[in-house]
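Read off the chains here:
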Amino acid sequence: QVHLVESGGGLVRPGGSLRLSCAASESIISFNNMGWYRQAPGKQRELVARITALGATNYVESVKGRFTISRDSAKNTIYLQMNSLKPEDTAVYFCKAVGIMTMTLPPSDLWGRGTQVTVSS
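One structure accompanies this document, and this report is about it.

Calculation notes
Residue indices begin from 1 for each chain and proceed along its sequence in written order. With pLDDT at 70 or above as the cut-off, local features in this predicted model cover only qualifying residues; side-chain atom pairs require 80 or more to be listed or tallied, and sums for whole chains, interfaces and linings still use all residues. Excluded from the side-chain calculation are hydrogens and water; included are all heavy atoms of the structure. Only a pair of cysteine sulfur atoms within 2.5 Å counts as a disulfide in this structure description. Segments assigned H or I by DSSP are reported as helices when at least four residues long, segments assigned E as strands when at least two residues long, and all are numbered from the N terminus. Residue burial is assigned from relative accessible area. The probe radius is 1.4 Å, only protein chains are included, and a residue is buried under 20% of its type maximum, exposed over 50%, and partly exposed in between. Whether two residues are in contact is decided by their heavy atoms, any of which lying within 4.5 Å being enough.

Using the criterion set out here, one finds one disulfide in the structure. Note on cysteine connectivity: Cys22 is disulfide-linked to Cys95, with sulfurs 2.0 Å apart. Residues Cys22 and Cys95 share a disulfide whose torsion about the S-S bond is about -75°; that sign makes it left-handed. One end of the pair, Cys22, is in strand 3 (residues 18-24); the other, Cys95, is in strand 9 (residues 91-100), and 73 residues separate them in sequence. Of the two residues, Cys22 and Cys95, neither departs from the other in class, the shared state being buried.

Right under this line is the structure:
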(Lines give C-alpha, C1' and ligand atoms only; values in the text may rest on other atoms or scores of the structure.)
Protein backbone atom coordinates (compact mmCIF):
# COMPACT_ATOMS: atom_id res chain seq x y z
CA GLN A 1 0.00 0.00 0.00
CA VAL A 2 1.38 3.41 -0.95
CA HIS A 3 1.72 6.01 1.79
CA LEU A 4 2.65 9.66 2.04
CA VAL A 5 4.75 10.35 5.12
CA GLU A 6 5.22 13.89 6.41
CA SER A 7 8.04 15.00 8.66
CA GLY A 8 9.73 18.16 9.87
CA GLY A 9 7.07 19.67 12.08
CA GLY A 10 7.76 20.97 15.55
CA LEU A 11 7.75 23.94 17.87
CA VAL A 12 9.38 27.14 16.65
CA ARG A 13 9.45 30.76 17.83
CA PRO A 14 7.80 33.52 15.81
CA GLY A 15 10.11 34.55 12.99
CA GLY A 16 11.71 31.13 12.85
CA SER A 17 11.83 28.57 10.05
CA LEU A 18 10.92 24.95 9.46
CA ARG A 19 11.12 22.66 6.45
CA LEU A 20 8.44 20.04 6.01
CA SER A 21 8.98 16.94 3.90
CA CYS A 22 6.44 14.60 2.31
CA ALA A 23 7.80 11.36 0.92
CA ALA A 24 5.94 8.73 -1.08
CA SER A 25 6.63 5.16 0.00
CA GLU A 26 7.02 4.02 -3.62
CA SER A 27 8.59 5.50 -6.68
CA ILE A 28 6.17 7.90 -8.35
CA ILE A 29 5.50 7.29 -12.04
CA SER A 30 3.26 10.30 -12.49
CA PHE A 31 0.99 12.68 -10.64
CA ASN A 32 -1.25 15.62 -11.37
CA ASN A 33 -0.24 17.83 -8.47
CA MET A 34 1.01 17.57 -4.89
CA GLY A 35 0.42 20.06 -2.15
CA TRP A 36 0.39 21.07 1.46
CA TYR A 37 -2.79 21.78 3.40
CA ARG A 38 -3.20 22.86 7.00
CA GLN A 39 -5.90 22.67 9.60
CA ALA A 40 -5.93 24.75 12.75
CA PRO A 41 -8.16 23.85 15.72
CA GLY A 42 -11.77 24.77 15.00
CA LYS A 43 -11.03 25.74 11.40
CA GLN A 44 -11.48 24.11 8.02
CA ARG A 45 -8.57 22.53 6.21
CA GLU A 46 -7.09 24.96 3.71
CA LEU A 47 -4.68 24.71 0.82
CA VAL A 48 -1.33 26.29 1.64
CA ALA A 49 0.76 25.54 -1.44
CA ARG A 50 0.64 23.27 -4.46
CA ILE A 51 3.02 22.17 -7.18
CA THR A 52 2.04 20.58 -10.47
CA ALA A 53 3.87 17.88 -12.36
CA LEU A 54 5.20 20.59 -14.66
CA GLY A 55 6.52 22.58 -11.71
CA ALA A 56 3.94 25.34 -11.57
CA THR A 57 3.24 26.54 -8.04
CA ASN A 58 0.53 28.45 -6.25
CA TYR A 59 0.16 29.65 -2.67
CA VAL A 60 -2.52 30.91 -0.37
CA GLU A 61 -2.18 34.69 -0.04
CA SER A 62 -1.22 34.59 3.65
CA VAL A 63 2.02 32.65 3.00
CA LYS A 64 3.22 34.26 -0.22
CA GLY A 65 6.79 35.46 0.13
CA ARG A 66 7.34 33.34 3.25
CA PHE A 67 6.74 29.72 2.17
CA THR A 68 8.23 27.86 -0.78
CA ILE A 69 7.10 24.51 -2.13
CA SER A 70 9.54 22.36 -4.07
CA ARG A 71 9.97 18.83 -5.38
CA ASP A 72 12.79 16.30 -5.58
CA SER A 73 11.67 13.74 -8.15
CA ALA A 74 14.61 11.43 -7.45
CA LYS A 75 13.54 11.17 -3.82
CA ASN A 76 9.78 11.07 -4.51
CA THR A 77 9.50 13.93 -2.04
CA ILE A 78 8.03 17.39 -1.86
CA TYR A 79 9.08 20.05 0.60
CA LEU A 80 7.61 23.13 2.20
CA GLN A 81 10.17 25.66 3.34
CA MET A 82 8.49 27.93 5.87
CA ASN A 83 10.23 31.16 6.87
CA SER A 84 9.17 34.11 9.02
CA LEU A 85 6.69 31.90 10.80
CA LYS A 86 3.81 33.50 12.68
CA PRO A 87 1.59 32.19 15.49
CA GLU A 88 -1.28 32.04 13.00
CA ASP A 89 0.67 29.44 11.01
CA THR A 90 0.12 27.00 13.86
CA ALA A 91 -1.76 23.98 12.51
CA VAL A 92 -1.48 20.37 11.50
CA TYR A 93 0.05 20.31 8.03
CA PHE A 94 -1.04 17.58 5.63
CA CYS A 95 0.44 16.48 2.34
CA LYS A 96 -1.87 15.52 -0.52
CA ALA A 97 -1.13 13.92 -3.87
CA VAL A 98 -3.69 14.14 -6.66
CA GLY A 99 -3.65 11.58 -9.43
CA ILE A 100 -0.54 9.85 -8.11
CA MET A 101 0.44 6.63 -9.85
CA THR A 102 3.09 4.05 -8.88
CA MET A 103 3.90 0.53 -9.99
CA THR A 104 1.26 -0.81 -7.58
CA LEU A 105 -1.20 2.11 -7.42
CA PRO A 106 -3.45 3.28 -10.26
CA PRO A 107 -4.00 7.05 -10.44
CA SER A 108 -5.34 7.94 -7.01
CA ASP A 109 -5.63 10.74 -4.50
CA LEU A 110 -3.68 10.24 -1.27
CA TRP A 111 -3.40 12.13 2.02
CA GLY A 112 -0.64 11.92 4.57
CA ARG A 113 -1.39 11.73 8.29
CA GLY A 114 -0.12 15.20 9.06
CA THR A 115 2.61 16.84 11.08
CA GLN A 116 2.08 19.43 13.81
CA VAL A 117 3.58 22.89 13.45
CA THR A 118 3.39 25.15 16.49
CA VAL A 119 4.63 28.73 16.38
CA SER A 120 4.87 30.19 19.86
CA SER A 121 7.20 32.17 22.06
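Further remarks concern the side chain of Thr102. Inspection of the secondary structure puts Thr102 in the loop between strand 9 and strand 10 (108-111). Residue Thr102 is classed as buried on the basis of its relative accessible area, which comes to 4%. Contacts of Thr102, omitting those with residues within four sequence positions, involve Val2, Glu26, Ser27, Ile28 and Ile29.

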